[in-house]
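Chain by chain, the residues:
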Amino acid sequence: MNLTRQRANEIFDKVLKYSTADETEATVSATNYALTRFANNTIHQNVTEENLSLSVRLVSEGRMARVGTNKLDEASIRQLCEDALILTRLQPPDPELLRMPGPQTYRAVARSFSETAELTPQARAEAVAKVVVAAEADHLTTAGVFASGSSAYALFNSRGMQAFHEETTSEFSVTMMNETGSGWAKKTAPYWPEIEPLELADRARQKALASQEPKEIAPGRYTVILEPAAMLDLLGFMILDFSGLAVHEQRSCLTGRVGQKVFGENINFRDDAYHPLQTGAPFDGEGIPRQRLPLVENGEVKNLVYSRQTAHKLGAQPTGHALALPNELSEAPLNIVMEGDRSSLDDMIRSTERGVLVTRFWYIREVDPYHKILTGMTRDGTFWIEGGEVRHAVKNLRFNQSLVDMLNQVETLGSPQRTAGEESFEMVVPAAKIRDFNFASTTKY
């Protein structure tokens, strides 16, 4: 279901026709998402979902409410606006509520590709078939997802704002396993040929074969090499700590630390919606252009992100990182780019006398939000390194580790790459070699 700027304008004109509020904001979104799922070496699900929806936020006499629908005929839009106004009048006044922003200028980003939007179920099935053949050749069982789709998003308001973004998405995730070992790989991209499903499948296959008959090692502090997916899923738990409101309300591990050196000298990352490996709109949930913003430089916390409301409250400048109103979190950086170095994974392994190589983590939970202590487990490829070589698979380990401490113990960084995991959104991050990573207990598999 395609959404053009013209079609979004037509819908917004109808909203304005029936809204009698002081200010009116409308977001129109369209998604077309298709998924091919496979397990036990067989495709067992192929689905397609199309949706066109409208969300209206009204402001009247300092009160605000939002309602939504996926019925876009004129009568339904009229009813939506009437319901929204009733709900708005039932809300308590918000003395901190700002006027909606006016027109903005946006930097163009090209993230929509016809090859991805037009990817057929047949093409996805053929790719999966090749993956199954590769798995069966080594007596492995495979499972995963091959998905693709397109989306468009428009944000308009009665003060003249007109923001529009469209992009495509694709994802391939694959797990291969036998009785005693498993391997995993995943990638996402707006341009689906960049995913290279067979390459991902081969990576998962090699890890599954190398993971057979894992040995147990004692819990303790080890040098670890975290592949990018493992690094990403840990970093994801720190993203909300860079919210200006979270720091102000002392909910962040960075409270009282802005402007201080909190991490190691080699830690640098920023929020950068315009990086060539990033995705998403060049504007935030209020329609403000996203800024390219350094968050950590040489270990020092340089900046926080601010919505308009948080910025006004704290005497700062908005950075284009607001979430759509109303919300409880206010703002978040969603386009993380962590700088790295030129070290390859093989280089890190060769430089390690004794350590653990981790493919990914799962079931990560926050134990202490102020010290950023996380717990979770390794999965789908955990290996013992000795004498600069991978010697054998090890049984999965549970970790209990402060993320702040970990980012002070990074010895080596790899080349940043667009990375997908299972516990966090996509980022551009490197692999990392880290000393004294705390594994608290072992498992039986």
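What counts and how
Residues numbered from 1 in each chain as written. Predicted model: local features only at pLDDT ≥ 70, side-chain atom pairs only at ≥ 80, totals over all residues. Heavy atoms only, no water. Helix = DSSP H or I, 4+ residues; strand = E, 2+ residues; numbered from the N terminus. Domains from an automatic or database assignment. Contact = heavy atoms within 4.5 Å. Buried area = accessible area lost by both parts, 1.4 Å probe. Salt bridge = Lys/Arg side-chain N within 4 Å of Asp/Glu carboxyl O. Buried < 20%, exposed > 50% of the residue type's maximum accessible area, 1.4 Å probe, protein only.

Asker: What should I look at first to understand unusual backbone geometry in this one?
Answerer: For residues other than glycine, phi is negative in most cases, and the peptide bonds are mostly trans. Going from Leu 325 to Pro 326, the amide bond is cis rather than trans, its omega being -5 degrees. Tracing the chain through its elements places Pro 326 in the loop between helix H8 (308–314) and strand S11 (336–338). Residues other than glycine seldom take positive phi values, yet Glu 61 does so here, at roughly 55 degrees. Residue position: Glu 61 is located in the loop between strand S2 (42–60) and strand S3 (63–69).

Asker: How should I be thinking about the domain arrangement of the protein chain in this particular structure?
Answerer: Interface extent is often summarised as the accessible area lost during association of the parts. One can read the domain layout of the protein chain as domain 1 (5–203) and domain 2 (213–445). The C-alpha-based centres of domain 1 and domain 2 are spaced at 25 Å. The partner domain 2 presents 34 residues to the 34 residues of domain 1 that form the contact. Together, the buried faces of domain 1 and domain 2 total about 2800 Å²; carbon and sulfur atoms form 56% of this surface. Considering only the surface of domain 1 that becomes buried against domain 2, Leu 98, Arg 111 and Trp 184 emerge as the three largest contributors, covering 24% of it. At the junction of domain 1 with domain 2, the criterion picks out two salt bridges.

Asker: What exactly am I supposed to notice about the pattern of salt bridges here?
Answerer: Think of it this way: side chains of opposite charge can pair up when their charged atoms draw near. Applying the stated criterion across every chain yields a total of 24 salt bridges. A salt bridge links Lys 186 to Glu 171, with the shortest nitrogen-to-oxygen separation between them at 3.9 Å. One end of the pair, Lys 186, is in strand S6 (residues 182–189); the other, Glu 171, is in strand S5 (residues 162–177), and 15 residues separate them in sequence. On the basis of relative accessibility, which here comes to 15%, the residue Lys 186 falls in the buried class. Accessibility expressed as a relative area gives 21% for Glu 171, which makes it partly exposed. For Asp 202, the salt bridge goes to Arg 205, with nearest N and O atoms at 2.7 Å. You can see Asp 202 and its partner Arg 205 sitting in helix H5 (residues 197–210), three residues apart, about one turn around the helix. One network of salt bridges, in which partners are shared, links Arg 270, Asp 272, Arg 292 and Glu 339.

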